[in-house]
Amino acid sequence: MVIQERAVCAVPMEFYTGSRVLSGQISYQVGSRVSELLNGLVAAERPVKSGFIGLSDCVHLENAGDSKQERTVYVRKSAIQLAAISDSNAGRGAGADVSWKGYPLVHKKPVVVTLDLPRYTVTGNVHCREGQTILDVLDDERTFLPLTSATITFGNNLEYTRPFVAVNKRDIESIRE
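Since the model is a prediction, treat every value here as computed from it, not as a measurement.

Student: So what exactly am I meant to see when it comes to the pattern of salt bridges here?
Tutor: Oppositely charged side chains can pair when the atoms bearing their charge come close. For the structure on display, the rule yields four salt bridges. One salt bridge connects E70 with K68, and the closest N-O pair in it is separated by 3.7 Å. A relative accessible area of 30% means that E70 is categorised as partly exposed. Exposure remark for K68: the relative accessible area of 47% places this residue in the partly exposed category. Measuring nitrogen to oxygen at the nearest pair gives 2.8 Å for the salt bridge that ties D116 to R176. Of this pair, D116 sits in strand β6 (residues 108–116) while R176 is found in strand β10 (residues 174–176), placing the two residues 60 residues apart along the sequence. On the basis of relative accessible area, D116 is assigned to the buried category, the value being 17%. Residue classification places R176 among the partly exposed positions, given a relative accessible area of 43%.

Reading the values: rules and limits
- Residues numbered from 1 in each chain as written.
- Predicted model: local features only at pLDDT ≥ 70, side-chain atom pairs only at ≥ 80, totals over all residues.
- Heavy atoms only, no water.
- Salt bridge = Lys/Arg side-chain N within 4 Å of Asp/Glu carboxyl O.
- Buried < 20%, exposed > 50% of the residue type's maximum accessible area, 1.4 Å probe, protein only.
- Helix = DSSP H or I, 4+ residues; strand = E, 2+ residues; numbered from the N terminus.

Put into structure tokens, the structure is as follows:
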């Protein structure tokens, strides 16, 4: 029996926690999605069963504006308020296997929402199947809510636009359509 290893890809990510922003790369198997990795539906390149996710070539951006670089940092998934793909070219289908065709195609409608978190405000598109409401998406068992074309706001001054953001639903204080 021959076991064929799947290719591994690296995607530039930012993890926003209550005290810092961590920027680096996550590695996982081609054909998986970032949201599946965060929600524990697929394993990372090296499976970690403790609820942590590895970020390589990591830069910490602290509250005071200080930064520090580390080779690898393991971040507890429950501490991540939101995770963002930082490269606009990597957003659509990050990690997707281009030869794989997911039929039947499920059409979804983008719904613009604004999420209030303890430290951040995120505005972006949640994608709902026909007949599905935002409340249905929030009641889904997955921990992280995926948004596309998202703007992350810190306080009143700083804004960043990202192609993909996954928000930890446990940290959502309110959601506006």
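Past the structure itself, the notes keep going.
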